Amino acid sequence: QVQLVESGGGLVQAGGSLRLSCAASGRTFSSYAMGWIRQAPGKEREFVARISPYSGTNYADSIKGRFTISRDNAKNTVYLQMNSLKPEDTAVYYCAADTSARALDAGTGDYWGQGTQVTVSS
């Protein structure tokens, strides 16, 4: 069982930056792929970024070059550094964990956090 708690969301102006954090419980954090998935009002869930246990990464085209995912296995935490934010990045951002990187890339996962709101004003 893995429990995930996100933090770091908020309101920011376009062009600004935020860093999201996701703290995970459990002794096997390092064996899980971790991902960020977002959902904007009235839209489907959208894959954002994924990091594998050995730090291989995958990004959605819409955020490539602006967002960076990283993990600190000693702290059981995964991060999403978001730069050059745009109003279309406004969404609830969810942290997810799965033993399958492919599942996260498809926007699914075994374990989910409660989500953190990111709002980007124009």
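On a predicted model such as this, the values are computed, not experimentally measured, just so you know.

About the criteria used
Residues numbered from 1 in each chain as written. Predicted model: local features only at pLDDT ≥ 70, side-chain atom pairs only at ≥ 80, totals over all residues. Heavy atoms only, no water. Helix = DSSP H or I, 4+ residues; strand = E, 2+ residues; numbered from the N terminus. Rg over C-alpha atoms; globule rule 2.2 N^0.38 Å. Buried < 20%, exposed > 50% of the residue type's maximum accessible area, 1.4 Å probe, protein only. Contact = heavy atoms within 4.5 Å. Areas by Shrake-Rupley, 256 points an atom, 1.4 Å probe, with all protein chains shown as cover. Lys, Arg positive; Asp, Glu negative; His and termini not counted. Charge placed at Lys NZ, Arg CZ, Asp CG, Glu CD. Core = buried A, V, L, I, M, F, W, Y, C linked by side-chain atoms within 4.5 Å. Salt bridge = Lys/Arg side-chain N within 4 Å of Asp/Glu carboxyl O. Polar contact = N/O pair within 3.5 Å; in protein donor to acceptor, adjacent residues only side chain to side chain. Pairing = 2+ DSSP bridges. Axes fitted to C-alpha atoms, helices over the stretch in contact; angles between N-to-C directions.

**Structural notes on the overall build of the chain**
Line of reasoning, step 1. Secondary structure assignment for the chain yields 1 helix and 11 strands.
Line of reasoning, step 2. If you list the helices and strands of the chain from N to C, you get β-β-β-β-β-β-β-β-β-α-β-β.
Line of reasoning, step 3. Taken over the C-alpha trace, the chain has a radius of gyration of 13 Å; the compact-globule value for 122 residues is 14 Å, and the two agree within 12%.
Line of reasoning, step 4. With respect to the principal axes defined by its C-alpha atoms, the chain has extents near 40 × 25 × 25 Å.
Line of reasoning, step 5. Within the chain, the fraction of its 122 residues that count as buried is 46%.
Line of reasoning, step 6. Pairs at least 24 apart in sequence give 58% of the contacts found in the chain among residues at least 6 apart.
Line of reasoning, step 7. Split by element, the accessible area of the chain, about 6,200 Å² in all, is 46% carbon and sulfur.
Line of reasoning, step 8. One way to put it: in the chain the 12 positive side-chain charges average out to a point 4 Å from where the 10 negative ones average out.

**Quick look at the nonpolar core**
The nonpolar side chains of soluble globular proteins are, as a tendency, buried together.
Line of reasoning, step 1. With 32 residues, the main nonpolar core has Leu4, Met34, Trp36, Leu80, Met82 and Tyr93 as its most contacted residues.
Line of reasoning, step 2. Elements supplying a minimum of two residues to this core: strand 3 (18–24), strand 4 (33–39), strand 5 (46–51), strand 7 (67–72), strand 8 (77–82), strand 9 (91–98) and strand 11 (116–121).

**Observations regarding the side chain of Asp98**
Line of reasoning, step 1. Examined against the element boundaries, Asp98 turns out to sit in strand 9.
Line of reasoning, step 2. Comment: no salt bridge for buried Asp98; closest opposite-charge side chain is Arg50, at 10 Å.
Line of reasoning, step 3. From its side chain, Asp98 meets the backbone nitrogen of Ser100 in a polar contact 2.8 Å long.
Line of reasoning, step 4. Look past the residues within four positions of Asp98 in its chain and what remains in contact with it is Tyr32, Ala33, Ala103, Leu104, Gly109 and Asp110.

**Digging into the sheet that holds strand 1 (residues 4–7)**
Line of reasoning, step 1. Strand order across the open sheet formed by 4 strands is 1-3-8-7, with antiparallel pairing between neighbours. In the strand order of this sheet, the two ends are held by strand 1 and strand 7, each with one partner. In this sheet, neighbouring strand axes are inclined to one another by 15 degrees on average, regardless of whether the strands run parallel or antiparallel.
Line of reasoning, step 2. Summarising the sheet, strand 7 and strand 8 pair through 6 bridges and their orientation is antiparallel.

**Let's talk about the pairing of strand 5**
Line of reasoning, step 1. Of all the 6 residues making up strand 5, 5 are buried; the element is thus mostly covered by neighbouring parts of the structure.
Line of reasoning, step 2. Pairing between strand 4 and strand 5: 5 bridges, direction antiparallel. Paired with Gly35 across the bridge in strand 5 is Arg50.
Line of reasoning, step 3. Hairpin geometry of strand 4 and strand 5 is characterised by an intervening segment of 6 residues between the two adjacent antiparallel strands and by a positive phi of about 75 degrees at Gly42.
Line of reasoning, step 4. The hairpin formed by strand 5 and strand 6 (residues 57–59) contains 5 residues between the paired strands, and Ser55 there has a positive phi angle of roughly 75 degrees.

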